[in-house]
Number of protein chains: 2
Amino acid sequence: MSSNPIDPLRRQIAELIVVRASGHLDDQQRRYPRWELPNSALRRLLHNGVGGVILLGGSATELQQRTRQLQSWASQPLLFCADVEEGVGQRFEGASWLVPPLALGRLHRSEPARALALAERYGRCTGEQARRCGLNWVLGPVCDVNNNPANPVINVRAWGEDPGTAGALAAAFQHGLNQVGVLGCAKHFPGHGDTASDSHLDLPVLPHDRQRLDQIELPPFQQLIEAGIDSVMTAHLLLPNLDPERPATLSPTVLTDLLRRQMGFRGLVVTDALVMEAIAARHGPQEAAVLAFEAGADLILMPADADAAIDGLQAAFSDGRLPMERLEEALQRRRQALAKVATTTTAAIASEDDRELERELVAACSTIQCAAGISASSGVNLIRVDGIFPCPALSGDAPALQLPERLGLASVVIHGQGVSPWQNNADTPLALERIGSGPVLLQLFVRGNPFRGHRDGREPWLAAVRQLQRLDRLAGLVVYGSPYLWEQLKAGLDPEIPAAYCPGQMPEAQRHVLTTLLRPAEASAHNGEFTD
Amino acid sequence: MSSNPIDPLRRQIAELIVVRASGHLDDQQRRYPRWELPNSALRRLLHNGVGGVILLGGSATELQQRTRQLQSWASQPLLFCADVEEGVGQRFEGASWLVPPLALGRLHRSEPARALALAERYGRCTGEQARRCGLNWVLGPVCDVNNNPANPVINVRAWGEDPGTAGALAAAFQHGLNQVGVLGCAKHFPGHGDTASDSHLDLPVLPHDRQRLDQIELPPFQQLIEAGIDSVMTAHLLLPNLDPERPATLSPTVLTDLLRRQMGFRGLVVTDALVMEAIAARHGPQEAAVLAFEAGADLILMPADADAAIDGLQAAFSDGRLPMERLEEALQRRRQALAKVATTTTAAIASEDDRELERELVAACSTIQCAAGISASSGVNLIRVDGIFPCPALSGDAPALQLPERLGLASVVIHGQGVSPWQNNADTPLALERIGSGPVLLQLFVRGNPFRGHRDGREPWLAAVRQLQRLDRLAGLVVYGSPYLWEQLKAGLDPEIPAAYCPGQMPEAQRHVLTTLLRPAEASAHNGEFTD
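Residues numbered from 1 in each chain as written. Chains lettered and ligands numbered in written order. Predicted model: local features only at pLDDT ≥ 70, side-chain atom pairs only at ≥ 80, totals over all residues. Heavy atoms only, no water.

Enquirer: When you look at the overall build of chain A in this model, what are you seeing that I'm missing?
Expert: Broken down by element type, chain A carries 18 helices and 14 strands. For a compact globule of 532 residues, the expected C-alpha radius of gyration is about 24 Å, and chain A comes in at 24 Å, within 12% of that figure. If one aligns the C-alpha atoms of chain A with their principal axes, the spans along those axes are about 75 × 60 × 45 Å. Sequence separation of at least 24 residues holds for 78% of the intrachain contacts in chain A that already meet a minimum separation of 6. (Helix = DSSP H or I, 4+ residues; strand = E, 2+ residues; numbered from the N terminus. Rg over C-alpha atoms; globule rule 2.2 N^0.38 Å. Contact = heavy atoms within 4.5 Å.)

Enquirer: Help me understand the pattern of salt bridges, please; the structure alone is not making it clear to me.
Expert: Side chains that carry opposite charge are capable of pairing whenever their charged atoms lie near each other. Scanning all chains against the criterion turns up 73 salt bridges over all chains. With a closest N to O distance of 2.6 Å, Arg106 of chain B and Glu487 of chain B form a salt bridge. Here the residue Arg106 of chain B occupies a position in helix H4 (residues 101-110), and Glu487 of chain B occupies one in helix H17 (residues 483-491), the gap between them amounting to 381 residues. Asp298 of chain B is the partner of Arg333 of chain B in a salt bridge, and the nearest nitrogen-oxygen pair spans 2.7 Å. Of this pair, Arg333 of chain B sits in helix H13 (residues 324-340) while Asp298 of chain B is found in the loop between helix H11 (285-295) and strand S8 (300-301), placing the two residues 35 residues apart along the sequence. For Arg333 of chain B, a relative accessible area of 13% translates into the label buried. A relative accessible area of 0% means that Asp298 of chain B is categorised as buried. A single network of salt bridges, built from pairs that share partners, joins Arg260, Asp298, Arg326, Glu329 and Arg333 of chain A. (Salt bridge = Lys/Arg side-chain N within 4 Å of Asp/Glu carboxyl O. Buried < 20%, exposed > 50% of the residue type's maximum accessible area, 1.4 Å probe, protein only.)

Enquirer: How should the packing of helix H6 (residues 163-179) of chain B against helix H8 (residues 218-226) of chain B be read in this particular structure?
Expert: To characterise two packed helices, one gives the angle between the axes of the helices and the distance between these axes. Residues and elements named next belong to chain B. For the pair H6 and H8, the least separation of the axes is 8 Å and the interaxial angle reads 30°. Judged by the inter-axis angle, H6 sits roughly parallel to H8. Judged by the sense of rotation from one axis to the other, the crossing of H6 with H8 is right-handed. Two secondary-structure elements touch here, H6 through Pro163, Ala166, Gly167, Ala168, Ala170, Ala171 and Gln174 and H8 through Pro219, Pro220, Gln223 and Leu224. Here the residues of the contact of H6 with H8 sort into eight nonpolar, three polar and no charged. (Axes fitted to C-alpha atoms, helices over the stretch in contact; angles between N-to-C directions. Parallel < 35°, antiparallel > 145°, perpendicular 65-115°, else oblique. Left-handed = near helix turned anticlockwise from the far one by under 90°. Nonpolar A, V, L, I, M, F, W, Y, C, P; charged D, E, K, R; others polar.)

Enquirer: I tried to follow the interface of chain B and chain A on my own but got confused; where do I start?
Expert: One frequent convention defines the size of an interface as the accessible area lost when the parts assemble. Each partner contributes to the interface: chain B provides 67 residues, whereas chain A provides 67 residues. Roughly 5,700 Å² of surface becomes buried between chain B and chain A when both sides are summed, with 50% attributable to carbon and sulfur atoms. Connecting chain B to chain A are four salt bridges. Asp26 of chain A is paired through a salt bridge with Arg355 of chain B; the nearest N and O atoms lie 2.9 Å apart. At the junction of chain B with chain A, the criterion picks out 15 residue pairs in polar contact (both at pLDDT 80 or more). Considering each element in turn, the side of chain B that touches chain A owes the most residues, four residues, to strand S11 (residues 410-414) of chain B. Residues that form the side of chain B that touches chain A fall into these classes: 24 nonpolar, 22 polar and 21 charged. (Buried area = accessible area lost by both parts, 1.4 Å probe. Polar contact = N/O pair within 3.5 Å; in protein donor to acceptor, adjacent residues only side chain to side chain.)

Enquirer: Would you mind showing me how to read the side chain of Ser251 of chain A here?
Expert: Residues and elements named next belong to chain A. Counting through the fold element by element, Ser251 comes out in the loop between strand S6 (231-234) and helix H9 (252-262). Judged by relative accessible area, which is 0%, Ser251 ranks as buried. Of the polar contacts made by the side chain of Ser251, one reaches the backbone nitrogen of Val254; its length is 3.1 Å. With residues near it in sequence (within four places) discarded, Ser251 still touches Asp243, Arg246, Thr256 and Ala295.

Enquirer: Looking at this structure, I do not really get the relation of the copies chain B and chain A. What am I missing?
Expert: Superposing the two chain copies requires a rotation about an axis and a translation along that axis. Relative to chain A, chain B is turned by 180° and slid 0.0 Å along the rotation axis, the superposed coordinates differing by an RMSD of 0.1 Å. Both copies are brought into coincidence by an operation consistent with a two-fold rotation axis. The position closest to the rotation axis in chain B is occupied by the C-alpha of Val419 of chain B, lying 2.8 Å away. A symmetric contact is evident, with 100% of the interface residues of chain B recurring at the interface of chain A. (Least-squares fit on C-alpha atoms with pLDDT ≥ 70 in both.)

Enquirer: Explain the sheet that holds strand S9 (residues 367-370) of chain A to me, please; I cannot follow it from the model alone.
Expert: Neighbouring strands of a sheet are bound in pairs by backbone hydrogen bonds; such pairs are parallel or else antiparallel. Residue and element names in this part refer to chain A. Judged by pairing direction, the sheet is mixed, and its six strands sit side by side in the order S9-S14-S13-S12-S10-S11 without closing on themselves. Bordering the open sheet on either side are S9 and strand S11 (410-414), each of which pairs with just one other strand. Neighbour-to-neighbour, the strand axes of the sheet open up by a mean angle of 15°, direction not taken into account. Bridge analysis of strand S10 (residues 380-384) against strand S12 (residues 440-446) gives five bridges, and the strand direction is parallel. Note on S12: the bridge partner recorded for Leu382 is Leu442. Helix H16 (residues 461-470) rests against S10, S11, S12 and strand S13 (474-481) of the sheet, and its axis sits at about 170° to S12. Helix-sheet contacts for helix H17 (residues 483-491) involve S9, S12, S13 and strand S14 (499-502), and the interaxial angle to S13 is about 155°. (Pairing = 2+ DSSP bridges.)

Enquirer: Sorry, what's going on with the packing of aromatic side chains here?
Expert: The relation between two aromatic rings is expressed through the spacing of the ring centres and the mutual angle of the planes. Residue and element names in this part refer to chain A. A complete count under the given rule lists 16 aromatic pairs over all chains for this structure. Seen from their ring centres, Phe445 and Tyr480 are 4.2 Å apart, and the 20° between their planes marks the pair as stacked. One end of the pair, Phe445, is in strand S12; the other, Tyr480, is in strand S13, and 35 residues separate them in sequence. Relative accessible area serves as the criterion here: at 0%, Tyr480 is assigned to the buried category. (Phe/Tyr/Trp six-rings, centres within 6.5 Å; stacked < 30°, edge-to-face > 60°.)

Enquirer: Just to check I follow, could you spell out the pairing of S11 of chain A for this structure?
Expert: On a regular strand, one side chain projects to one face of the sheet and the next to the other, so that they alternate. Residues and elements named next belong to chain A. In terms of burial, S11 is a largely internal element, four of the five residues being buried. Relative to S11, S10 runs parallel, the two sharing five bridges. Across the sheet, the residue bridging to Ile383 is Val413, located in S11. Following the chain from S10 across helix H15 (residues 399-407) to the adjacent parallel S11, one finds a crossover that is right-handed. (Right-handed = clockwise from strand over helix to strand, strands pointing away.)

Enquirer: Before we go on, may I ask you to explain helix H5 (residues 112-132) of chain B in this structure?
Expert: Since there are 3.6 residues in each turn of an α-helix, residues three or four apart along the chain are aligned in direction. Residue and element names in this part refer to chain B. Here H5 is 21 residues long and its end C-alpha atoms lie 30 Å apart, about the 30 Å a rise of 1.5 Å per residue gives. Residues of H5 that are buried include every one of Ala115, Leu118, Ala119, Tyr122, Gly123, Cys125, Thr126, Gly127, Gln129, Ala130, Arg131 and Arg132, and no others. One or two steps after H5, the chain reaches Gly134, where phi turns positive at roughly 100°. (Expected span 1.5 Å × (residues − 1).)

Enquirer: It is not clear to me how the packing of helix H4 (residues 101-110) of chain A against helix H5 (residues 112-132) of chain A should be interpreted in this structure. Could you clarify?
Expert: Residues and elements named next belong to chain A. At a minimum axis separation of 6 Å, H4 and H5 run at an interaxial angle of 155°. As the angle between them shows, H4 and H5 are arranged roughly antiparallel. On the side of H4, the interface is formed by Pro101, Leu104, Leu107, His108 and Ser110, while H5 contributes Pro112, Ala115, Leu116, Leu118, Ala119 and Tyr122. Tallied by class, the residues present in the contact of H4 with H5 amount to nine nonpolar, two polar and no charged.

As structure tokens, this is what we get:
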């Protein structure tokens, strides 16, 4: 750490940078050391004025300690944010993990008032728990309209599949956040719902013209702006009809002309992570930050290299490429946002009310298609998950494992890094002799793009369900996550087969669905080793 | 919670009970709700005088908070203990996870002075980190002599396979603990090393007479007693030659005549967990506690029902079955032990010295059998683990996954709840078409009883290694954990096949072995998704 005084301009610029850190306290616990700065670098950057941190990883209790530690390294109040779009427990264990927003979007079709009330409680619960963990800025609500079921990156994170639903529920969520003094963020402007490629890996192109955007993509953002949303996050999308050259994140047409002037947004504009391939593959870290700022952004999220981003901005302000008023404006917006946040810390993250909300959301948003009890006393509990390192939905005492096991079913977990259950036959894709004999309870944990397989490309679950039905071996079916997959599978299902759908994957979702589908479980003599 | 004053006798008895709690703060985070009391019960029991807590689960940072919380519910200083036999990181993420003790037992054969020095640092590191987390009582060292490689419960947790090694290293460990003001515990008296059944599930019988015990089992305990060990934990073992009726935990002959009178131990005698089947299947929770106390125990660990244990003891003291002097004696020993402990709290759990010790132990105790580089650029990284929920050795960025994947090998993880890789053929047991084509790097994470399989009974790894060798597809072999399995597999291995053994399973062990066996890894473009 240099003991030289930091150039005041450089320090001001640093305030506008948001760097990534693990929620764990120790460097060795970082899950993604490539993305998460080590403590030595964080300490130096925060000491030198960096103004925000985005956190991922660790438990809610660790996050409480972590935010205090990081704040102690800074000489000014920091913005602490996280992608907690589905409750703080989505990212930080021990807090409430709520059903994905699209579950309320679906509920809104039949019970709009209830869905709106739940969305507001959802926002309040998220905000309160965020605050208790030391976060003051929730990177949500997602305001994208998910009108493309194949969307690999938004999907069930959206609040609706039409602009009215998405806007109304996102505004209710934001209202809940604001009640407890936590900042929100409408994302991903101008709308990421109709893309089929993944901006983490590539730059999606949206062919829509302004008229179409006005109909579908923009209304939820407009509604949130009018509701006083604190910040808007930009999308790494190319919209050739608006700006044929620059993706939205770097486009003055999109950020300044459209968002600021025409839509009247006066809060903080923050980029999506500049380290994402859609940006990083095209621009160096210095130029990416300058282009974003030039386009109208106030905060630079996760630059590929924070020092380089500051260097680039410093040079641009010094040589007049960027006017100093833009710096003043951005700093002023950041100060105003920080002035709104409440601070508290307490040991207990989730209240009894929060736990009740978790349960109520699961119950309100699940579908029990056929509740005929599963009475098998042997057979297979076949579970499909994306991956196991980590697998937040499953642990040793997850209801999805324990409840069928108590009936006598043997759990077999299929995942991207396991032995393949597939054989090369379109009609009988499951190699059943690898899995076991007897009736099969099939539990599919699938989100996002329904048939995305990790190693096998596309997993043929429709054919596998048909195969099991034909053999009279399908004891039951549960889909956790994707409504699109559920609708596909449900269509061909024998109506007498016990089946259910829950938009959430959390233990509470498993418990809710399985206690309905399975016969009351006997108390088990053992539920895991207790000690050495 | 009753507001009635607690009977003073009842409160004194409660001091001698050690209950089990999760290291997490929130009830919902408990991994084993059957064994771990909910906070409401903990709060009531501690308020009513219960004097100790054994903790498992949660990170080291959470444990810091948790011990403070539990202490705040009590009106007197508590004993906080945990089974941290292999560093605090064995049980609490973020602290140092060290190679198992038997690794130093093996090193002691060739480098006794180095092994002893490392064992003392091992104890100091464990004690310091325990103290920083709020623990004041380490349930170690294991003093059992592991002279039975088939032992399913002690195995690599022992410090030696002969009494001299076990005693010398265990005493060095205890010396390290005491230097930092943390209590130790010699276990499992009178020696659990020569058993082939698991006392968690059944009551093992040890046929040895006193002469044999004097030769093998007792010397390490005698050495620790002379070195001033603070506590001794009893074994749930039947020794018909000493007491044909009662297991050691409940035997006056073993605890009072042998341990106290003949061996001269004056510290705390604590039972092993009374909830274990070896005891709980034979006695109710009231009677088990009374029998243990009657036999000579001072502290009752993890009774199946704490209230019932207190009821039973209260009745036994009231009606004269147990003399009041025994209560006074036990309380006095507990006070003396607590008077020895140091207290500190600090945010950082592991120091740089601790990290250095982790690395040094791995390097000192690993065997690189053949360091010929593995240069495969495609093929399979076949990993065998006991289970995946949880799997402390593996996470998304574990070197055992990442380093081979960077070379181009596809990871396939075999575990007790996965699709079976086995076919019914003794000579070619691995169904290779399920696993993939090309050379196979085989990494076996096996501890304890080497061939214990979860679902498949005994996994035929010796035949599988021969099968891969015969097909010229064995690119390399690593065993993490069991020296017995390693010795078996090594015997038939082509000496030109890259192969290594490490007694530890932690990421540092994987890094050490694989950076030697694999060609230098290229920097990878991606190491996991970084955010949504």
